[in-house]
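Coordinate analysis (summary)
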Amino acid sequence: MDGVSSFDEPLKKLLGGATAKVMAEHLDLHTVGDLLHHYPRRYEERGKLTALADLPLDEHVTVVAQVADARILMFNNGRGKRLEVTLTDGSGRLQLVFFGHGVHKPHKELLPGRQAMFAGKVSVFNRKMQLAHPTYQLLDASDADEATEAVDAFAGRLLPIYPACKQLDSWRIAKAVDAVLPSAQDAVDPLPASLREGRGFTPLPEALLKVHRPQTKADIEDAKARLKWDEAFVLQVALARRRYADTQLPAVARRPVEGGLLDAFDAKLPFTLTEGQEKVSKEIFDDLATEHPMHRLLQGEVGSGKTMVALRAMLTVVDAGGQAAMLAPTEVLAQQHHRSITEMMGELAEGGMLGGSEQGTKVVLLTGSMGAAARRQALLDLVTGEAGIVIGTHALIEDKVQFHDLGLVVVDEQHRFGVEQRDALRSKGKQPPHLLVMTATPIPRTVAMTVFGDLETSVLDQLPAGRSPIASHVVPAKDKPHFLARAWERVREEVENGHQAYVVCPRIGDEAEEDGKGAKKAKAKKAAPDEDPEKRPPLAVLEVADELRKGALAGLSVEVLHGRMHPDEKDDVMRRFAAGDVDVLVATTVIEVGVNVPNATAMVIMDADRFGVSQLHQLRGRVGRGSAPGLCLLVSEAHEASPARARLSAVAATLDGFELSRIDLEQRREGDVLGQAQSGVRSSLRMLTVIDDEEVIAAAREEAVAIVAADPELEHLPELRTVLAALLDKEREEYLDKG
């Protein structure tokens, strides 16, 4: 198939080394095919101007605008020169600045009334939006040859604006696309002919031409419909093949046993399970009873009782003669799960010990920092089968760890577990064990279909009785410093009422160890009061705790918790906080997952704009876990009009995790959802937005399932095989598999 080869041509053959190097390093584009799939982000109409009023801060943008005025200003007693140009578009104004020797050419060319395309990074200076030293290309065909060429280059009225970078403007990318566009004729079409004709899609070469050089808006719609469908379909075929392969694996069926451990556990529960817990448990038990490995994703808000559901599944497997392992992302969490599971089970967790129950089993903890003797005993209990349940960190995956008969693996917070780990653990069973993945990050249905497409999904959406509402507020520390002072007063009031509080910071603060000079640098940088908060390092646990002890929270007991403390030390602090001996815990996000202290009612998140939406939601879930209402204060110095502030307001406005995960994705849509959700290999989604294209994804999934069921090896669809192979070179296939 020589068609593939022109798509595989390296860009440097066609574009020259320098351009190809920038494309490879900054845009991850290496071949002709990569560039043809680098679609315009949007289109500007010639003669129409970009809305300047709603440009995003801190992003590299390309705009079409008109020069309103230009003036040269002197500074430094006449030694320095700066050119200020004001652009207008009817909706707003944007300032351009050029300094030094860079002012001559723009001063001659950017005359009032001229139209041009400008590219640069949007910043705020003196409360005004500006672009410093933007690159530009004139669009009106006055005397400059370049302008005429620009007009010719963009046939028709629609100017494609490409995702660009500082080193390469949108119009230079457009020129490069012109050079490779003839290769679009060689595109390999992945869609089976019957599907393509049945849905009336534009042929692929035509779709590529239309997306890059549309004559009309209808061209763009046509192209998008086709290209979106391709992406959704190829990805869903990959996932459908993955699921099909999984159903071919053998597993030991684990069926509930009457009068066993599960029944004994259920009998001593002090409450009844929620309807949701009953329903999800049934789905899991049905899966466990089959002779193929279960692959299920269990989603539920913080506190919806996921651990209870997972524990009941583990007990069923122990009843059926197998062992269950639970993997947690950190030692603190593994210890916490171990503590809460042994508490829930009581004497049932002491099988074989004096005073233990007849039906009981041993529940052991295995982490990297355990003492040698305890570790040896835990390993022995696993290999003999004495321990039915083991809870641990990835120390469980080490070669030394042998199981008697591993039947179920429960993974807490999937996105923290890498590729190799899931496989290594799978290989510990005589046959592949069943797999249950728990996540407290609510994932909209389409994202679950895309990101976790190889797992069946169960959702726990009711909160158990007894959870309290959480009030959230944004505290604009820069605009209104007295709000911050009030925030610390609120923390004091909570403590005076017998409660406790968390203060969360993005950094630990002893960076001296990290880079030798970080702490000194951080201290030096803090001094400049007018500095842009983006420029200063994020606030740090150690500094903030220090300031609070001396200032706003003097007299209260303030302790710190972060990832670089010794595990025993961490455990000690957590224990004292849980016991109520510590009033305020200043921590990094180590508390994000799974820390359960019902008496903690307030949380102050410093530099909240440095965290993602779902992370803020997770953190907030740590308060309001008891009968008293929770309070979450999001402290930020971000500019009122910035996207960061909009994100914080969204978090403050709703407690619905699914709603927030939608907002999160909408805000990050320039990013690539799969890549964002799982950080790792960049995925193939360029056109598809997982939020808006729910119907496309659902329809593509149906078609993909049907095709794979009929022809698992795709023997009759060689083009689809070729495209899949390109999408899923080895690395990506594994990445899709393991999430």
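What counts as what
- Residues numbered from 1 in each chain as written.
- Predicted model: local features only at pLDDT ≥ 70, side-chain atom pairs only at ≥ 80, totals over all residues.
- Heavy atoms only, no water.
- Helix = DSSP H or I, 4+ residues; strand = E, 2+ residues; numbered from the N terminus.
- Buried < 20%, exposed > 50% of the residue type's maximum accessible area, 1.4 Å probe, protein only.
- Contact = heavy atoms within 4.5 Å.
- Areas by Shrake-Rupley, 256 points an atom, 1.4 Å probe, with all protein chains shown as cover.
- Phe/Tyr/Trp six-rings, centres within 6.5 Å; stacked < 30°, edge-to-face > 60°.
- Pairing = 2+ DSSP bridges.
- Axes fitted to C-alpha atoms, helices over the stretch in contact; angles between N-to-C directions.
- Salt bridge = Lys/Arg side-chain N within 4 Å of Asp/Glu carboxyl O.
- Parallel < 35°, antiparallel > 145°, perpendicular 65-115°, else oblique.
- Left-handed = near helix turned anticlockwise from the far one by under 90°.
- Nonpolar A, V, L, I, M, F, W, Y, C, P; charged D, E, K, R; others polar.

Section: the overall build of the chain
Regarding its fold elements, the chain presents 29 helices and 21 strands. Buried residues in the chain amount to 54% of all 739 residues. Summarising the internal contacts of the chain: among those between residues at least 6 apart in sequence, 73% fall at separations of at least 24. When the accessible area of the chain is evaluated, it comes to approximately 32200 Å², of which 52% is carbon and sulfur surface.

Observations regarding the packing of aromatic side chains
According to the stated counting rule, one finds five aromatic pairs in the structure shown. Pairing F75 with F99 gives two aromatic rings, centres 6.5 Å apart and planes at 90°, and the pair type is edge-to-face. Here F75, found in strand 2 (residues 60-75), pairs with F99, found in strand 4 (residues 93-99); they are 24 residues apart in sequence, far enough to count as distant. Exposure remark for F75: the relative accessible area of 32% places this residue in the partly exposed category. Of the residues examined, F99 reaches a relative accessible area of 35% and is grouped as partly exposed.

Let's talk about the sheet that holds strand 15 (residues 456-460)
Strand order in the open sheet made by the seven strands is 11-12-10-13-14-9-15, with parallel pairing throughout. The open sheet has two free edges, formed respectively by strand 11 (362-366) and strand 15, since each of these has just one partner strand. Averaged over all pairs of adjacent strands, the angle between strand axes in this sheet comes to 20°, irrespective of strand direction. As defined by bridge partners, strand 10 (residues 323-327) adjoins strand 13 (residues 406-412) across five bridges and the pair is classed as parallel. Of the residues in strand 13, the one forming a bridge with Q323 is L406. Relative to strand 15, helix 12 (residues 275-288) is tilted by about 155°, and along the sheet it contacts strand 9 (295-300), strand 13, strand 14 (434-439) and strand 15. Strand contacts of helix 13 (residues 306-319): strand 9, strand 10, strand 12 (387-392), strand 13, strand 14 and strand 15, with the helix running at about 170° to strand 13, the strand carrying the most contacts.

Comments concerning the pattern of salt bridges
Where charged atoms from two side chains of opposite charge approach closely, those side chains can pair. Under the criterion given, the structure shown has 32 salt bridges. Among the ionic pairs, D230 bridges to R226, the shortest N-O distance being 2.8 Å. Taken together, the residues span about one helical turn, with D230 and R226 both in helix 10 (residues 217-247) at a distance of four residues. With relative accessibility at 0%, the residue R226 sits in the buried group.

Side note on the packing of helix 13 against helix 14 (residues 331-345)
At a minimum axis separation of 11 Å, helix 13 and helix 14 run at an interaxial angle of 70°. Comparing their axes, helix 14 and helix 13 come out roughly perpendicular. Crossing angle aside, the handedness with which helix 13 passes helix 14 is right-handed. Within the contact between the two elements, helix 13 uses T307, M308, L311 and L315 and helix 14 uses H337, I341, M344 and M345. Tallied by class, the residues present in the contact of helix 13 with helix 14 amount to six nonpolar, two polar and no charged.

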